[in-house]
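Close look at the chain arrangement
One letter stands for each residue in the lines below.
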Amino acid sequence: MELDLQASQNSASGAASQPPVSPKGKPPKKAKGKKRSARARLLRWCLGFLLFFVVLGIGAVLAAWLWIGEDLTRIERLADYQPPAVTQLVARDGSLMAEYYDERRYVVPVSELPAHVVNAFVAAEDGGFYRHPGVDLWGIARAAFNNFRAGRVVQGGSTITQQVAKTFLLSPERTFLRKLKEAVLAWRIEQHFSKEYILYLYLNQIFLGHNAYGIEAGAQTYFGKNARDLSIAEASLLAGLVQAPSRYSPVRYPRRARTRQVYTIGRMATENFITQEQAQEALNTHLTVRIHKPRMVAADYYSESVRAWLEERFGATMVMQGGLTVYTACDPKFTQYAQDAVGQGILGITQRRGFRGPVRVLSAEELKEINEQPLSPVMLKPGRILEAVVVEVVSTKELRLRLNGEQGTLSLQDLRGWRGGLADVGKLLKPGEVVNVKTIAYDGDKQSWQLQFMGQPVAQAALVALEAGSGRVRAMIGGRDYQESQFNRATQARRQPGSSFKPYIYCAAIDRPEFPYTASTMLMDTPVEYPDVSQPDGKWRPKNFDGKFSGAITLRRSLELSRNVTTVKLLVDIGLDYTMAYLNRFGFESELSSGYALALGSSGISLLEQTRGYSVFANQGQLMDTVMVEKVLDRQGRLLYESHPISRQAISPATAFVMTHLMRGVLLQGTATSVNIPNYVLAGKTGTTNETRDAWFVGYSPQLVCGVWVGRDDNHTLGGYEIGGRAAGPIWKAFMQRALADTEPEVFEIPQGVTLVRGAGVAGFEAYLRGTQPGGDIPTVSTLMEESGGMGGGVEDFFETQMFLDGQ
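Residues numbered from 1 in each chain as written. Predicted model: local features only at pLDDT ≥ 70, side-chain atom pairs only at ≥ 80, totals over all residues. Heavy atoms only, no water.

A few words now on the overall build of the protein. On a plain count of helices and strands, the protein comes out with 25 helices and 26 strands. Scored against the burial criterion, the 808 residues of the protein give a buried share of 50%. Per element, the accessible surface of the protein, about 39,300 Å² overall, is 53% carbon and sulfur. (Helix = DSSP H or I, 4+ residues; strand = E, 2+ residues; numbered from the N terminus. Buried < 20%, exposed > 50% of the residue type's maximum accessible area, 1.4 Å probe, protein only. Areas by Shrake-Rupley, 256 points an atom, 1.4 Å probe, with all protein chains shown as cover.)

Before going further, it helps to spend a moment on the sheet that holds strand E2 (residues 96-100). The five strands lie next to each other as E2-E1-E5-E19-E20, forming an open sheet whose pairing is mixed. Each edge of the open sheet carries a strand with a single partner, namely E2 and strand E20 (639-642). Each neighbouring strand pair of the sheet contributes to a mean axis angle of 15°, computed without reference to strand direction. Examined bridge by bridge, strand E1 (residues 87-90) and E2 share four bridges and lie antiparallel to one another. Across the sheet, the residue bridging to Gln88 is Glu99, located in E2. Against the sheet, helix H12 (residues 300-314) contacts E1, E2, strand E5 (325-328), strand E19 (629-633) and E20, and its axis sits at roughly 45° relative to E2. (Pairing = 2+ DSSP bridges. Axes fitted to C-alpha atoms, helices over the stretch in contact; angles between N-to-C directions. Contact = heavy atoms within 4.5 Å.)

Contact geometry of helix H10 (residues 254-270) with helix H11 (residues 276-284) gives a least axis separation of 9 Å together with a crossing angle of 170°. Taken together, the axis directions place H10 and H11 in an arrangement best described as roughly antiparallel. Contact with H10, carried on its side by Arg258, Val262, Ile265 and Ala269, involves Gln276, Ala279, Ala282 and Leu283 of H11 and no other residues of that element. (Parallel < 35°, antiparallel > 145°, perpendicular 65-115°, else oblique.)

This next bit is on the pattern of salt bridges. Scanning all chains against the criterion turns up 35 salt bridges. The residue Glu311 makes a salt bridge to Arg307 at a minimum N-O spacing of 2.7 Å. A residue pair is termed a helical-turn pair when its members lie 3 or 4 positions apart in one helix, as Glu311 and Arg307 do in helix H12 at four residues. With a shortest N-O distance of 2.9 Å, Glu467 and Arg474 are connected by a salt bridge. Judged by its relative accessible area of 23%, Glu467 falls in the partly exposed class. What you see here is one network of salt bridges that share partners, running through Arg556, Arg557, Glu560 and Glu766. (Salt bridge = Lys/Arg side-chain N within 4 Å of Asp/Glu carboxyl O.)

Bridge count for strand E8 (residues 398-403) against strand E9 (residues 406-411) is six bridges, and the pairing is antiparallel. From the neighbouring strand, Arg402 faces E9, where its bridge partner is Gln407. With antiparallel pairing between neighbouring strands as the criterion, E8 and E9 make up a hairpin whose turn holds two residues, including Asn404 at a positive phi of roughly 50°.

Turning our eyes to something else, we now look at the side chain of Ser590. Tracing the backbone shows Ser590 in the loop between helix H20 (576-583) and helix H21 (607-618). Separated by 2.7 Å, the side chains of Ser590 and Arg494 make a polar contact. Once residues within four sequence positions are removed from consideration, Ser590 is found in contact with Arg494, Gly604, Ile605, Ser606 and Glu609. (Polar contact = N/O pair within 3.5 Å; in protein donor to acceptor, adjacent residues only side chain to side chain.)

What follows is about the environment of Ala656. Within the secondary structure, Ala656 sits in helix H22 (residues 653-669). Considered as a pair, Ala656 and Phe617 are 39 residues apart in the sequence and their alpha carbons are 4.6 Å apart. Ignoring any residue separated from it by four or fewer positions in sequence, one finds Ala656 in contact with Val616, Phe617, Gln620, Gly621 and Ile651.

Structurally, the position occupied by Asn564 is in helix H19 (residues 564-574). Separated by 2.9 Å, the side chain of Asn564 and the backbone oxygen of Lys543 make a polar contact.

Let us look at the packing of aromatic side chains. Throughout the structure, instances matching the rule amount to 28 aromatic pairs. A ring pair is formed by Tyr197 and Tyr200, whose centres lie 5.5 Å apart and whose planes are at 40°; its orientation type is tilted. Of the two residues, Tyr197 and Tyr200 both sit in helix H7 (residues 195-205), three residues apart, roughly one turn of that helix. For the pair Tyr197 and Tyr200, a shared accessibility class is recorded, and that class is buried. In this structure an aromatic cluster arises from ring pairing among Phe501, Tyr504, Tyr578, Tyr582, Phe586, Phe588, Tyr614 and Phe617. (Phe/Tyr/Trp six-rings, centres within 6.5 Å; stacked < 30°, edge-to-face > 60°.)

Counting residues in hydrophobic clusters, the biggest one holds 85 residues, and the most contacted among them are Tyr302, Phe501, Phe586, Phe617, Met659 and Tyr700. Excluding residues within four positions of it along the chain, Phe501 makes contact with Leu583, Phe588, Leu592, Leu598, Gly601, Ile605 and Gln610. Counting 56 residues, the second-largest nonpolar core is a separate cluster that includes Leu238, Leu241, Tyr248 and Ile274. (Core = buried A, V, L, I, M, F, W, Y, C linked by side-chain atoms within 4.5 Å.)

On to the sheet that holds strand E22 (residues 683-688), then. Think of a sheet as strands paired side by side through backbone hydrogen bonds, with each pair either parallel or antiparallel. Read from one edge to the other, the open sheet built from five strands follows the order E13-E12-E24-E23-E22, with strand pairing classed as antiparallel. With partners counted over all chains shown, the strands left at the sheet margins are strand E13 (473-477) and E22, one partner each. Strand after strand, the sheet turns through a mean of 5° between neighbouring axes, direction not considered. Taken together, the four bridges between strand E12 (residues 460-467) and E13 define a ladder with antiparallel strand orientation. Directly across from Leu466, in E13, lies its bridge partner Val473. Across the sheet, H21 lies against E12, E13, E22, strand E23 (694-700) and strand E24 (704-711), angled at about 145° from E24, the strand it touches most.

As a further point, take a nonpolar patch on the surface. Among the surface-exposed residues, Leu43, Leu47 and Leu50 lie close enough to one another that they form a single nonpolar patch of about 300 Å² accessible area. Relative to the elements of secondary structure, Leu43 occurs in helix H2 (residues 32-71). (Patch = residues over 30% accessible without salt bridge, like charges linked within 9 Å, V, L, I, M, F, W, Y side chains within 5 Å.)

Across the interface, helix H17 (residues 502-510) lies against H21 with an axial gap of 11 Å and an inter-helix angle of 35°. For the crossing formed where H17 meets H21, the hand is left-handed. Packed against H17, whose contacting residues are Pro503, Tyr504 and Cys507, the element H21 presents Gln610, Gly613, Tyr614 and Phe617 at the interface. Class assignment for the residues of the contact of H17 with H21 results in five nonpolar, two polar and no charged. (Left-handed = near helix turned anticlockwise from the far one by under 90°. Nonpolar A, V, L, I, M, F, W, Y, C, P; charged D, E, K, R; others polar.)

Bringing a negative patch on the surface into the picture now. Where like charges cluster on the molecular surface, the negative patch consists of Glu365, Glu366, Glu369 and Glu372. The topology assignment puts Glu366 in helix H15 (residues 364-372). (Lys, Arg positive; Asp, Glu negative; His and termini not counted. Charge placed at Lys NZ, Arg CZ, Asp CG, Glu CD.)

The buried fraction of H7 amounts to 10 of the 11 residues, a majority that puts the element mostly inside the structure. Every buried residue belonging to H7 is among Lys195, Tyr197, Ile198, Leu199, Tyr200, Leu201, Tyr202, Leu203, Asn204 and Gln205, and all of these are buried.

A separate point is H12. Taking 1.5 Å per residue, 15 residues should reach 21 Å; H12 reaches 20 Å between its end C-alpha atoms and fits that length. Listing the buried residues of H12 in full gives Tyr301, Tyr302, Ser303, Ser305, Val306, Arg307 and Leu310. Phi turns positive one or two residues past the end of H12, at Gly315, with a value near 95°. (Expected span 1.5 Å × (residues − 1).)

With that out of the way, let us pick up the confidence of the model for the protein. Of the residues in the protein, 85% reach a pLDDT of 70 or more, and the chain-wide mean stands at 86. When the criterion is pLDDT under 50, residues 1-24 qualifies, and its contacts beyond four places in sequence or with other chains add up to three contacts. Here residues 777-808 is modelled with pLDDT under 50, and outside its nearest four sequence neighbours on either side it reaches 75 contacts, counting other chains as well. (pLDDT = per-residue confidence, 0-100.)

Of all six residues that make up E22, six are buried, and the element is covered over most of its length. The alternating pattern of E22 places Ala683, Lys685 and Gly687 and Gly684, Thr686 and Thr688 on opposite faces, both of which are buried. With six bridges joining them, E22 and E23 adopt antiparallel strand pairing. Residue pairing in the sheet places Lys685 in a bridge with Val698 of E23. Between E22 and E23, which pair antiparallel in sequence order, lie five residues; one of them, Glu691, sits at a positive phi of approximately 60°.

Moving on: the environment of Val319. Secondary-structure assignment places Val319 in helix H13 (residues 316-321). Residue class for Val319 comes out buried when judged on its relative accessible area of 0%. Taking the C-alpha atoms as reference, Val319 lies 7.8 Å from Arg307; in sequence the two are 12 residues apart. Here Val319 is in contact with Thr87, Tyr100, Arg307, Leu310 and Glu311, once residues within four sequence places are set aside.

What follows is the structure, given as structure tokens:
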């Protein structure tokens, strides 16, 4: 039964499922409603599948977003933006001395920039920046279309925020995964930071070519101005460089740069950042673009000393990337005075040696090649000493020369100092000869430099000027030309100071506790010999510079005339041990020799040490730390370092005054009379070493201490009679005349403990430590004398007209 039932059911079911048969044996046609129902079902199926894949895609994107996000650098570090920035050295008057950097960048806040400057970059790189959340899908599509139509990349699809993400947080590789990470980071950055801060990151980080990083460096490099002062035309030109700085460089490819500028201005107008009238005005503005270098104080030796100090204290990375502001004690005017004085001094020495022939002589072929080269100005500056080749004798009174792509002339007047009665320049120099010249002034109409003939200098010179009361280094020249040699002869060289070392020996003798010497103590300038195993006969016989002996001579005249023999006898009498201990008071860092030749300056010391030592005499016996760096600020303006120079009383004020009174005589009636400057109270001492290898003059006023050294790097003789007063003295005088010209003459204060006695000293009076004057311990100078203010100038007249208790 069950089978039959099943069979019947199947039969019935099968019968029911059979379509009706028409009388002709064909199945009937389907109804239209049935067809619509089938299509609806198909559509539902398709929609279902589509929805499934959409959900699946969204899930995949979210999963990828989360997966990518787990591996991304935390964006919080952008909050502490510390890019490599320029370290600047600033002179005393606020002018720029030097810059140190790996990337030339000056960080500026967006709030300091005009809207049109910021919007120029927004328009050029991301017109929808203020509207999108970090990623601009429509912008990407538009860029792709424009690039496809142009056949090359003419527009980027990345937003400014994406560029920030790529620059700060990602590698530069070009992969799909990196683009995904870039988009994720851009969105996150927009969630955490304001639009203004994102622009701050972007505008300070971008590279604009020619070593300019950031908008401020770009403005200074191409236009020589601050970014806040850029016009629409200038800002749009800079904004056009971001895409490819080397390709669109306005210096190398001005037409390409112009094309990008026009595009940027158009985009600014389209985005309503500027009006059509402003756009047209910007398009019509003619721009003169060139590479601008910041104007700096020419103090290369000083700057290099500061840089070395900064690296030692803060490290090279901080100096090259830290964006420090370093305030120095350098005085630009004094530095220029010093450079001029050194240049003229070396020129004088070179002229006295006479013309010693050209540096070299070019062949006829070489001369022809140089003469045929077109002029190509290289932006030389006045005051440069460099080589030039004589290419033509224009007349008996003028020569034409070529130098570094430029040309110049030498006149008969420029050459007279080298050959007295010279009447024909062609008798001294001929075409093809290479000589040293100095650039004086440029004539734009003739495209020619006025030149000064320099011969071939062999001497070097160094100068240091210290402020007496503070130890601040106001000027430092370490050689005749920093471009030629970076070796700083003011700080790095250790040269024998010769007789300029003698004042320390005399000071020790005057200050000896028992049996002190005085200015009127008699010394014997007579032959003497001492045991010395280094001499062939085992004897050392010190000699005077002139080879003569003066017999009995006062200590004053011994110092004024720089007698060697008496100084050695003085050292022998007061003792080496006492003297060596006493010399420590003057702050010498170099090792001093411990033999009797110490009296004649046989120890190698630096010019800076020697000048600092003399500052003790000028500063009432106080030894000051030298100061080159006043303070250092970080990029946020926070104080990192400030100088607090330490002073200590090296010798008594009275001893310092007595020594000054003695050295005043050196300029008035001793070896440096040609160095004295009328109307100023000055003191100092000459110094010359054996065979005139070194020439020194160190001297001071109440305000300023200056030391000068002249010599040769190979330690050979300077030649002739180039002693301290002749070789170094004129440099010192030329500098001090200009440095003191704007100041009122000052006098050295007479301290307590000094007795002035009428006699044969300076201005008719001799200075003694109280109690050491002839006749024993008598009252010091009168109150009227002390109130006069000191020694020298008008006070000398006072000395001559007044009667004092001392010496009566």
